[in-house]
Amino acid sequence: MSPAGRRAAGFVLLALTLATVCTFLGRWQWNRHVARDAAIATVEANWAADPVPVAQVLPDPTAALPDADEWRSVTLTGRYDPQATVLLRNRPVDGSPAYHVLVPFLPEETPTGRSTVLVVDRGWVPMGEDASATVDLPDPPTGTVTVTVRLRQPERPSTRSAPAGQVQSVDVEQVLAAGGLDMTGLTAYASYGSLVSEDPAPATSLGELPAPSTDPGSHLSYAFQWWVFAAGSLGAFTWMGVREVRDPRPVPGQTPHGSAPVPAAASRRRGGRAEDEEDALIDAQLAPDGAHEPGDQSPAGDPPADSGTQASEIRSR
């Protein structure tokens, strides 16, 4: 393959590689856009819906919460176990450091008749300047309480360590283990709840949990940008490959159609006739006395002209 052909093939290969990578990146952003749109639709459908008994949404407490039912409001009647309270770390609220307060709630009646426990995020408290400082937590209502919560899917278990009584994620098993709750005879809900209201109300309320964001983000625009890059790279580098084939760059020492090679120095020297005569005149002046370069047309009997005068004449041209 000729050098031009190799360069053209390289450009085409680069175009295909870049176009493929950009296409997959655009597809990835598109999938994120679709998932984000679905999450926003779920929030908008369930956030303001009237609460229903938890058995209508989760007849089996151990079953995973369906995606379509996240943020659904449900009611339960039972009691809190404040001795097993756990703090959720690293969850700022409105840009301020905060702890979320997770408290086990034990419903009196369950769909299966078994004793169950639901982890409830009751709200948040400020962390303060030093995360190691003791946090003063308001007590939840005592006795029988009716709570309204929005059901949430649990988070992935965290591998990061945390101080005693604290967790890094809302994984139900990790929360109950950190609180030291005796699970003998208890079945934990696979999901957890974000508090909406309590009846009776507590003496001191915690900070209200913020509503989820419904901002779609920039995933859709990023997807189209990646696809534009894919089309642009495919077109630009392919065109460069075509140009290499149509107008190959000359290679020093070679000429097309098998003609005699042209020296590289000569191929770079492309002066007109006057410039060639000037070069010959300068070469004659630099030669030793009495010697003439081939092609010198000066008469044999003429005395050599003064070199300074000729140089002046050359510079004046």
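Refer to the structure above for everything that follows.
The following refers to the structure shown. (Residues numbered from 1 in each chain as written. Predicted model: local features only at pLDDT ≥ 70, side-chain atom pairs only at ≥ 80, totals over all residues. Heavy atoms only, no water.)

Secondary structure assignment for the protein chain yields 7 helices and 9 strands. Per-residue burial for the protein chain yields a buried fraction of 31% across its 317 residues. When contacts within the protein chain are restricted to residue pairs at least 6 apart in sequence, long-range pairs at least 24 apart make up 71% of them. As displayed, the protein chain has an accessible area near 19700 Å², and 55% of this comes from carbon and sulfur atoms. (Helix = DSSP H or I, 4+ residues; strand = E, 2+ residues; numbered from the N terminus. Buried < 20%, exposed > 50% of the residue type's maximum accessible area, 1.4 Å probe, protein only. Contact = heavy atoms within 4.5 Å. Areas by Shrake-Rupley, 256 points an atom, 1.4 Å probe, with all protein chains shown as cover.)

The next subject is the nonpolar core. In summary, soluble globular proteins display a tendency toward joint burial of nonpolar side chains. In terms of nonpolar packing, the biggest core is built from 24 residues, with V74, L76, Y80, V147 and V149 touching the most fellow members. Residue assignment for this core shows that the elements contributing at least two residues are helix 2 (54–57), strand 2 (73–80), strand 4 (98–107), strand 5 (116–126) and strand 6 (145–152). When residues no more than four places from it in sequence are discounted, the contact partners of Y80 are V103, P104, F105, V120, R122, P140, P141, V145, V147, L195 and E198. Counting residues in hydrophobic clusters, the runner-up holds 15 residues, among them L106, V117, V172 and V175. (Core = buried A, V, L, I, M, F, W, Y, C linked by side-chain atoms within 4.5 Å.)

A full pass over the atoms with the stated rule returns 5 aromatic pairs. Judged by centre distance (6.4 Å) and plane angle (40 degrees), the ring pair of W30 and W227 falls under tilted. Note that W30 is positioned in helix 1 (residues 3–46) and W227 in helix 4 (residues 219–246), a separation of 197 residues in sequence. The partly exposed category is assigned to W30, whose relative accessible area is 29%. The class for W227 is partly exposed, based on a relative accessible area of 28%. Through pairs of rings, three or more aromatic residues link up here, namely W30, F224 and W227. (Phe/Tyr/Trp six-rings, centres within 6.5 Å; stacked < 30°, edge-to-face > 60°.)

Side chains that differ in sign of charge can pair as their charged atoms come close. According to the stated counting rule, one finds 4 salt bridges in the structure shown. R91 is the salt-bridge partner of E155, the closest N and O atoms lying 2.7 Å from each other. With E155 in the loop between strand 6 and strand 7 (166–167) and R91 in the loop between strand 3 (86–88) and strand 4, this pair connects stretches of sequence that are 64 residues apart. You can call E155 partly exposed: its relative accessible area is 25%. The class for R91 is partly exposed, based on a relative accessible area of 23%. Between R122 and E198 there is a salt bridge; the shortest N-O distance is 2.9 Å. (Salt bridge = Lys/Arg side-chain N within 4 Å of Asp/Glu carboxyl O.)

Once that is clear, we can look at the side chain of N46. Within the fold, N46 resides in helix 1. Polar contacts involving the side chain of N46 include one to the main-chain carbonyl oxygen of A68, which spans 2.9 Å. Setting aside chain neighbours within four positions, we find N46 in contact with A68, D69, E70, W71 and R72. (Polar contact = N/O pair within 3.5 Å; in protein donor to acceptor, adjacent residues only side chain to side chain.)

Before going further, it helps to spend a moment on the side chain of T148. With respect to the helices and strands, the residue T148 is situated in strand 6. Setting aside residues up to four positions removed in sequence, T148 forms contacts with P51, S73, V74, T75, S194, L195, V196 and S197.

What follows is about unusual backbone geometry. With an omega of 5 degrees, the peptide bond between D199 and P200 qualifies as cis. In this fold, P200 is placed in the loop between strand 9 (192–199) and helix 4. Backbone geometry at W71 places phi at a positive 75 degrees, although glycine is not the residue there. Positionally, W71 belongs in the loop between helix 2 and strand 2. Here the phi dihedral of D94 falls at roughly 55 degrees; this positive angle occurs in a residue that is not glycine. Looking at the secondary structure, you find D94 in the loop between strand 3 and strand 4.

The next subject is the environment of N46. The exposure class assigned to N46 is buried, which follows from its relative accessible area of 8%. With 26 residues separating them in the primary sequence, N46 and R72 have C-alpha atoms 5.1 Å apart.

As a further point, take the pairing of strand 4. Working note: regular strand, side chains alternate between the two faces of the sheet. Counting buried positions over the 10 residues of strand 4 gives 10, a clear majority of the element. Bridge count for strand 2 against strand 4 is 3 bridges, and the pairing is antiparallel. In the strand pairing of strand 4, Y80 is matched with F105. When strand 3 meets strand 4, the two strands line up antiparallel, connected through 3 bridges. Along strand 4, the bridge assignment pairs L87 with V101. Sheet analysis places strand 4 next to strand 5, joined by 8 bridges and oriented antiparallel. The residue bridging V103 from the neighbouring strand is V120, located in strand 5. (Pairing = 2+ DSSP bridges.)

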